[in-house]
Amino acid sequence: VADQATVSDREQRILRIIETARGKRAKFRDEQINMAHGAGGKATQSLIEGLLAPAFESETLNEMADAGAVKVDGVELAMTTDSYVVKPLRFPGGSIGELAVNGTVNDLSVAGARPLALSLSLVLEEGLPADELRAEVEAIAQAARAAGVEIIAGDTKVVERGHADGMYVCTTGIGRRDPRASLSPSALRPGDRILLSGGIGEHGTAIMLARGEFELDASIESDTRSLWPAVDALLEAAGHDLRCMRDATRGGVASVLNELARASSVAMIVREAEIPVAPPVAGAAEILGIDPLYVANEGKLVAFVAPEAAAQALEALRSVSGCEQAAEIGEVRTEPPGMVLVQTSFGGKRVMDQLVGDPLPRIC
Amino acid sequence: VKFVDEFRDAELGQVVAREILSLVEPGRHYKVMEVCGGHTHSIYKYGVDDLLPANVELVHGPGCPVCVIPMGRVDDGIAVAHNDGVIFTCFGDMMRVPGSNGSLLDAKAAGADIRMVYSPLDALRIAKQNPEREVVFFAIGFETTAPSTALTLKRAKMEGVKNFSCMCSHVTIVPPLRALLESPDLRLDGFIGPGHVSTVVGARPFEFIPADYDKPVVIAGFEPLDILQAIAMILRQVDEDRCEVENQYKRVVPYEGNLRALEVMAEVFELRPHFEWRGLGFISHSGLKLSGAYADLDAELRFSVPGVRVADPKACQCGEVLKGVIKPWECKVFGTACTPERPIGTCMVSSEGACAAYYNYGRFAREREVV
């Protein structure tokens with residue numbers, strides 16, 4: 001222990017440099033866009049914080065929430081937008097159309113807004129079979145009905161063969177802020193409990209397997225679904241004790257936790273043993289060398305709840321269909337600010353870091 | 001996952017951790033090097049180092065096949081990838097490694113057709129599906145991955161696939177270990193031997209470490225319990241003043257290795273006179289190239305390869321970090337010119353490199369007590 005306690009001046013200085021660098025807004029200095037800018041990790045962050053946010057100078061945007069708030073004559077509305085570029089278009093458990101509805105509905109939901117209406121924009125590739133389009137339109141209609149939102153505006157464009165991978169779908173959603181909600185990414189307090197609404201990594205793993213790049217057979221389905229029922233139950237059970245929620249999509253649960261730890265300048269400790277992972281997902285991740293914590297979900301949220309309301313909130317969450325596996329996976333701490341730590345099932349502790357690029361499989 | 005979970009049992013981990021504690025002399029500092037990047041990965045993933053006494057330090061060795069590829073070699077790959085009609089294939093984690101002017105990921109963004117594959121056979125399949133294109137496989141890795149490259153090349157030859165070639169950057173494990181051990185300023189008490197490599201080469205090639213350099217070696221598996229047990233075995237050797245090669249990974253590693261794999265490798269590859277390692281410089285007989293019989297599948301002969309050597313940046317002290325002579329923060333460029341986002345040296349390239357690990361986690365280690 002002795003040599004750990006004495007930190008030389010030089011090391012102290014270096015640690016301060018690292019800390020300052022971490023605290024700084026990410027700069028966007030790349031010469032061109034590469035795939036890592038779309039993976040939800042550090043590169044994506046540099047694009048958003050270093051290029052987009054400074055250009056638009058919006059306080060609402062700077063909050064970096066899943067949806068932005070607009071107040072119109074005393075009525076609080078939330079608005080969000082998303083593009084869907086998934087390949088293949090259909091995969092076990094869902095399709096691009098279903099994702100396009102649920103993804104946008106979920107961004108509104110976790111911002112504490114009841115989803116009201118969506119716009120729909122379709123970018124279609126020349127040569128797309130009409131039956132495939134018909135199937136997606138039907139999937140969109142069905143998902144919208146299930147989520148209780150109306151599609152009230154739209155646009156279509158066709159691009160030449162070789163672009164748009166069949167089809168790209170963009171949806172913009174509008175919702176009404178629920179009066180029970182008082183949520184903010186900077187509201188986390190030490191002691192708050194972290195709830196997760198169910199098993200992780202299903203969507204991303206299902207997509208990877210559906211691409212057929214691995215010769216792996218596993219019955220894993222995307223978890224795409226509307227999260228409004230889960231949010232509704234949490235708001236009812238915890239009300240203002242619900243501090244913040246996030247939809248753990250691109251970059252997975254690890255990315256969401258890191259974002260919030262930074263936004264609130266708090267630490268988090270997560271107990272690995274409590275994180276639900278379905279055995280086929282765990283098996284596929286093991287073989288591919290991928291950590292399910294970084295794999296995308298399309299129907300899982302992370303919620304932060306004041307300690308006194310946590311038990312009730314968890315019970316309410318578990319009563320919602322699709323959230324039976326919900327669990328309390330950890331809590332908010334003070335030190336070290338901005339970092340997420342994991343208590344591993346093996347009994348050690350490690351840092352759950354932000355993703356640098358795509359979650360690429362390791363070779364050895 | 002059955003047959004795996006048993007080696008991740010927290011209670012057994014505590015038992016071995018207590019054994020380790022009983023083996024260390026208070027006041028003495030122990031440094032153990034895990035040679036293989038796979039071990040480093042497990043150590044971080046499971047928080048194995050967190051279970052060790054503060055005076056047992058793990059030093060991350062040169063066994064990350066991605067981080068040891070020098071800049072000039074990445075540049076060569078990018079140059080080949082930019083040839084008209086070429087589909088360049090490589091393992092995913094190779095794509096982020098910086099060359100002197102960007103990584104393969106950047107080259108992909110600039111228009112080169114670079115695809116990630118999971119095995120050399122995937123690359124061969126792409127070649128068969130695209131007979132009008134030239135498909136190049138960028139082969140990297142130690143003896144672990146070399147046999148599968150060798151088998152793929154054999155198959156390509158047998159099936160007469162003319163549009164497939166291989167840019168071979170395979171390396172061997174023993175020469176860099178010898179180079180490390182030759183270094184007069186090395187401070188290490190023992191080695192955790194590379195489990196995967198040993199399944200191919202066996203335990204015999206490591207006998208020179210105790211014989212010539214008086215350091216214990218324990219070949220270990222990749223589960224957290226394997227690693228803890230190997231550390232305990234090394235410390236026991238130190239404690240009992242013994243020095244030998246022990247095999248903790250007997251369930252997989254035979255002493256003689258895999259003779260069939262060694263044969264195929266001997267047929268397809270031959271040793272290069274020397275090969276450059278990022279951070280360690282040129283090491284003789286440490287790299288593999290295609291043998292004369294397979295020269296027609298050698299991408300370096302099929303395409304013009306610049307082969308320009310790009311010196312490691314002067315200020316970079318990766319070699320000394322690898323040898324355990326200096327700590328990451330003692331390097332002149334650490335944390336300033338060299339960061340995980342813009343790495344200069346090998347130790348910062350992969351998230352498992354010693355410097356990247358310290359950059360990301362070092363501060364946490366200091367505050368462990370607070371947490």
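Up top you'll find the structure we're talking about.
What counts, and where the lines are drawn
- The written sequence of each chain sets the order in which its residues are numbered from 1.
- Each chain is given a letter, starting from A, and each ligand a number, starting from 1, according to the order in which they appear as written.
- Given that the model is predicted, a residue must reach a pLDDT of at least 70 before its local features are reported, and side-chain atom pairs must reach 80 or more before they are shown or counted; all residues, however, enter totals for whole chains, interfaces and linings.
- Hydrogen atoms and water are omitted, and side-chain values are computed over all heavy atoms in the structure.
- For this analysis, a salt bridge means a side-chain nitrogen from Lys or Arg found within 4 Å of a carboxyl oxygen belonging to Asp or Glu.
- Numbered from the N terminus, helices here are DSSP runs of H or I no shorter than four residues, and strands are runs of E no shorter than two.
- Exposure is judged per residue with a 1.4 Å probe applied to protein chains only, and the accessible area is read against the type maximum: over 50% gives exposed, under 20% gives buried, and values in between give partly exposed.
- Any two strands are treated as partners once DSSP identifies two or more bridges connecting them.
- The convention used is that axes are lines fitted to C-alpha atoms, helices contributing only their stretch in contact, and that angles between N-to-C directions extend from 0 to 180 degrees.
- Any angle that falls under 35 degrees is termed roughly parallel, while one over 145 is termed roughly antiparallel, one within 65 to 115 roughly perpendicular, and all others oblique.
- Crossings are assigned a handedness: left-handed for a near helix turned anticlockwise from the far helix by less than a right angle, right-handed for a clockwise turn.
- Every residue pair with non-hydrogen atoms within 4.5 Å of one another is taken to be in contact.
- Lys, Arg, Asp and Glu make up the charged group, whereas Ala, Val, Leu, Ile, Met, Phe, Trp, Tyr, Cys and Pro make up the nonpolar group; the residues left over, Gly among them, are polar.
- Grouping buried Ala, Val, Leu, Ile, Met, Phe, Trp, Tyr and Cys residues that are joined through side-chain atoms within 4.5 Å yields what is termed a nonpolar core.
- Handedness of a crossover is defined as follows: with both strands directed away from the viewer, a clockwise route from the first strand across the helix to the second makes it right-handed.

Peer 1: Before we go on, may I ask you to explain the pattern of salt bridges in this structure?
Peer 2: Two side chains with opposite charge may pair up if their charged atoms get near one another. All names here are of chain B. With the rule as written, the count across this model stands at 42 salt bridges over all chains. With a closest N to O distance of 2.9 Å, Glu 267 and Lys 154 form a salt bridge. Here the residue Glu 267 occupies a position in helix α11 (residues 259–268), and Lys 154 occupies one in helix α6 (residues 146–158), the gap between them amounting to 113 residues. Overall, Lys 154 belongs to the partly exposed group, its relative accessible area being 26%.

Peer 1: Even after reading the chapter, I still don't get the sheet that holds strand β7 (residues 167–177) of chain A, so can you show me in this structure?
Peer 2: Working definition: the strands of a sheet are paired by backbone hydrogen bonds and lie parallel or antiparallel to each other. Residues and elements named next belong to chain A. Taken in spatial order, the five strands of this open sheet run β1-β2-β7-β5-β6, and their pairing is mixed. Since the sheet does not close on itself, it has two edges, and those belong to β1 (68–72) and β6 (150–159), each with one partner. Going from strand to strand, the sheet's axes swing by 20 degrees on average, the running direction of each strand aside. Bridge analysis of strand β5 (residues 113–125) against β6 gives nine bridges, and the strand direction is parallel.

Peer 1: How should I be thinking about the packing of helix α5 (residues 120–129) of chain B against α6 of chain B in this particular structure?
Peer 2: The relative placement of two packed helices comes down to the angle between their axes together with the axis-to-axis distance. All names here are of chain B. Axis separation between α5 and α6 bottoms out at 9 Å; the angle between their running directions is 25 degrees. In terms of orientation, α5 lies roughly parallel with respect to α6. For the pair α5 and α6, the crossing hand works out as right-handed. Along its contact with α5, which presents Pro 120, Leu 121 and Leu 124, the element α6 presents Ser 148, Thr 149, Thr 152, Arg 155 and Ala 156. In terms of residue class, the contact of α5 with α6 is built from four nonpolar, three polar and one charged.

Peer 1: Explain the nonpolar core here, please?
Peer 2: General note: in soluble globular proteins, nonpolar side chains tend to be found buried as a group. All names here are of chain B. In terms of nonpolar packing, the biggest core is built from 87 residues, with Phe 88, Met 94, Phe 164 and Phe 269 touching the most fellow members. For Phe 88, the residues in contact, after removing those within four places along its chain, are Gly 77, Val 80, Ala 81, Leu 104, Asp 113, Ile 114, Arg 115, Val 136, Phe 138 and Met 167. Of all hydrophobic cores here, the second largest spans 28 residues; its members include Val 24, Tyr 46, Ile 227 and Ile 231.

Peer 1: Which parts of the structure should I look at to understand the sheet that holds strand β8 (residues 217–220) of chain B?
Peer 2: All names here are of chain B. Read from one edge to the other, the open sheet built from five strands follows the order β2-β1-β7-β8-β9, with strand pairing classed as parallel. Of all strands in the sheet, those with a lone pairing partner are β2 (56–63) and β9 (245–247), marking the two edges. Averaged over all neighbouring strand pairs, the angle between strand axes comes to 25 degrees, with direction disregarded. The pairing of strand β7 (residues 190–194) with β8 spans four bridges and is parallel.

Peer 1: What am I meant to see in the pairing of β2 of chain B here?
Peer 2: The two faces of the sheet receive side chains in turn, since in a regular strand these alternate between them. Residues and elements named next belong to chain B. The buried fraction of β2 amounts to seven of the eight residues, a majority that puts the element mostly inside the structure. In the sheet, strand β1 (residues 30–36) pairs with β2 via six bridges, with the strands oriented parallel. In the sheet register, Tyr 30 faces β2, and the bridge partner there is Val 56. For the handedness criterion, the β-α-β arrangement of β1, helix α2 (residues 37–46) and β2 is classed as right-handed.

That's the geometry; what it means functionally is another story.
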